[in-house]
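These are the residues of each chain, in order.
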Amino acid sequence: MYRVMTEAEMVEAFDTAISDDQFYVCYQPQMNHISGSIVGAEALLRWKHPEFGVQFPSDFIPVLEKNDLIYKADQFVFEKVCLFIKTCLDKGLTPVPVSVNMSRYDIVGHDYVEDIEKTRKRIGIPVKYLRIEITESSAIGGSDLVSSVLDRLHTYGYIVEMDDFGSGYSSLNILKKLDVDVIKLDMSFLSENTGGRGGVIISSMVRMTKWLNTPVIAEGVETIEQADYMQSLGCNYIQGYLYSKPLPENEYLQLLERLETEPIKPASKLVKGMGVGRFWDPDSFETLVFNDFVGAAAIFSYEEDTGKAELLRVNKKYLEEIGMNVSEQEILATDPWESFSETDRKSFEATIKKAIESGEEETSEHWRLIRSKCCGDDNICIRAHVRFLGRAGRQDIIYSRIRNITGEKRAYQEIVDSERRFRAASEQANVYAWEYVIDTKEMHPCFRCMRDLGLPVVVRNYPEPAIEMGIFPQDYADMYRDWHRQLAEGVHSLEAVIPLTVGRVPFIVRYTNEFDENGKPVKAYGSATLVVDNK
Ligand code: C2E
Ligand code: CA
Ligand code: CA
């Protein structure tokens, strides 16, 4: 009866399975989606048990790892792969490199690198046909053990791949710490956990890997749409059911005979600018600066042809400045332009272009709509200082320092608004109005006062200029001066009919005093209303 074996059955059957050749290796091709050439293959282990049928790695690998049997299995796979490559070479075929999976348990208590080297030399194949896949999870924390294994693999000339990139949270940080040669990005990991925003995350990741000049293989690609999407990001290497399932050795050999082969090449280089790649190194000076010294900052990419922009990295202070409890994941997963109005987007794009051209820091102010899971939607005003860092392919990489100036803007807006209301009201009511600041003896006239009486925005040493100009006639000058003394002493209000200007037109002139919390007079509101002749 074919079924998944139990752990006990697997452990019991393992030794016989190895000696009886129940294990065999399948090869899954890795293709260049543009050229249709094959660039490599991954070796995947299968176990065909005579009684229980084919067992899959997702079931038996964890059991082998737990029971200290994985090392033997992985050495078995490595030897089979070497023998297969030898067969290809003997047939005069150009093989492509084969990726072999290394378990994290392979390097604990074993001499993994020395052992595979012995096998390779015994069989006699060049190291360039072999790649070793290490998983992202085994590299978490970037342990010294993993680093030293990686160094030794490199010393012998092995290509090292980071498997399941993007599955862990620390992806970005371990990337630069571990000097891998190829990155494998699993489509399924990324689309599952990101609420439909996988695309943005994938594209950011591909872009980041480009900065490091590391080629990317997209894994688990099942549809042509996925492959085309990856291609649009400049990631042309595809491994997945779209091209082929893992094939038994003989079928893979036939495929290899038919297909063109080519080597994997790094993606486009960062041609200009500083070492942006170092931003991903948690220990680099740049990262230190980014996190601790520069204030709120972000790095984003901008494509001039299409106007597309993507946030690639933000620091903690950036999130604090935005406020509203938005997480880094949330903010990276959002299309930044979504939060801009059409006009603000245009002006910000113009600023970016200016910064690219000038190489200088350029400044822009704009409003953004921030959507937060916990705090709802809110508009915030941002002042951004942008600087061009470099170019990766068609993408310009921009560094942006920001400050949230919403508070200042709102306060300013309030003044503008109240002044507008104030002016509109006085305009209609045939009233002249002004404010008198008691401390400074400054008078701030309304718009109508300025227009009709030719007053400046601020009149100093009030009321003297108004008396001099003849707005307040001489016979009322002393009374009017005395009013301002009274205001300073704390009178609450004053009122009188005064004939104003040389025409001596009668107005009701009023003052209302305003006090601070200590009862000290601060400012008085003056008005002059035309006395309407009711006769
Ligand atoms: P992996 O290294 O991430 O290998 C890729 C897995 O994705 C393979 O599953 C492959 O068959 C599957 N796959 C390939 N294309 C597609 C696709 O288009 N869609 C979907 N949904 N899946 C696809 P497999 O062979 O079952 O291997 C599972 C895992 O077991 C591997 O994941 C690897 O971690 C481990 N493994 C396999 N062989 C070995 C081995 O020889 N040694 C060690 N240590 N681990 C192995
Ligand atoms: Ca793998
Ligand atoms: Ca994988």
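Refer to the preceding data block for the structure.
All of the points below concern the structure found in this document. (Residues numbered from 1 in each chain as written. Chains lettered and ligands numbered in written order. Predicted model: local features only at pLDDT ≥ 70, side-chain atom pairs only at ≥ 80, totals over all residues. Heavy atoms only, no water.)

Now for the coordination of the calcium ion (ligand 2). Coordination of the calcium ion (ligand 2) by the protein involves Glu42 (OE), Asn101 (OD1), Glu133 (OE) and Asp163 (OD), with metal-donor separations of 2.0 to 2.3 Å. Each donor residue of the calcium ion (ligand 2) lies on one chain, and together they are spaced E-x58-N-x31-E-x29-D. In this structure, the calcium ion (ligand 2) lies 4.0 Å away from the calcium ion (ligand 3), the two metals sharing Asp163 as a donor. Placement of Asn101 in strand E4 (residues 98–101) and of Glu133 in strand E5 (residues 130–135) is noted, with a sequence separation of 32 residues between them. Given the relative accessible area of 22%, Asn101 is considered partly exposed. (Donors = N, O, S within 2.8 Å, 3.2 Å for Na, K, Ca; no water. Helix = DSSP H or I, 4+ residues; strand = E, 2+ residues; numbered from the N terminus. Buried < 20%, exposed > 50% of the residue type's maximum accessible area, 1.4 Å probe, protein only.)

A few words on the sheet that holds strand E18 (residues 442–445). Strand order in the open sheet formed by 5 strands is E18-E17-E21-E20-E19, and the pairing between neighbours is antiparallel. Edge strands, defined here as strands with exactly one partner in the open sheet, are E18 and strand E19 (493–500). Taken over all neighbouring pairs, the strand axes of this sheet differ in orientation by 20° on average, direction set aside. As defined by bridge partners, strand E17 (residues 431–437) adjoins strand E21 (residues 521–530) across 7 bridges and the pair is classed as antiparallel. The residue of E21 that forms the bridge with Tyr436 is Ala524. Sheet contacts for helix H19 (residues 474–489): E17, E19, strand E20 (505–515) and E21; angle to E19, the most-contacted strand, approximately 160°. (Pairing = 2+ DSSP bridges. Axes fitted to C-alpha atoms, helices over the stretch in contact; angles between N-to-C directions. Contact = heavy atoms within 4.5 Å.)

A few words on the environment of Ser527. Structurally, Ser527 is set in strand E21. Expressed as a C-alpha distance, the spacing of Ser527 and Trp434, which sit 93 residues apart in the sequence, is 6.3 Å. Beyond its immediate stretch of four places on either side in the chain, Ser527 contacts Val431, Tyr432, Ala433, Trp434, Ile508, Val509 and Arg510.

Below, the discussion takes up the coordination of the calcium ion (ligand 3). Distances from the calcium ion (ligand 3) to its protein donors, namely Asp163 (OD), Asp164 (OD), Glu219 (OE) and Glu219 (OE), fall within the range 2.3 to 2.9 Å. For the calcium ion (ligand 3), all donor residues lie on one chain, and their spacing in sequence is D-D-x54-E.

Around ligand 1, the surrounding shell holds 21 residues, and the nearest of these are Gln28, Arg46, Asp74, Glu222 and Tyr241. In the environment of ligand 1, a nitrogen atom lies 3.2 Å from a nitrogen or oxygen atom belonging to the backbone of Leu45. In isolation ligand 1 exposes 800 Å². Once the protein is present, 80% of that is buried. Within the shell around ligand 1, the residues separate by chemical class into 9 nonpolar, 5 polar and 7 charged. (Near = heavy atom within 4 Å. Polar contact = N/O pair within 3.5 Å; in protein donor to acceptor, adjacent residues only side chain to side chain. Areas by Shrake-Rupley, 256 points an atom, 1.4 Å probe, with all protein chains shown as cover. Nonpolar A, V, L, I, M, F, W, Y, C, P; charged D, E, K, R; others polar.)

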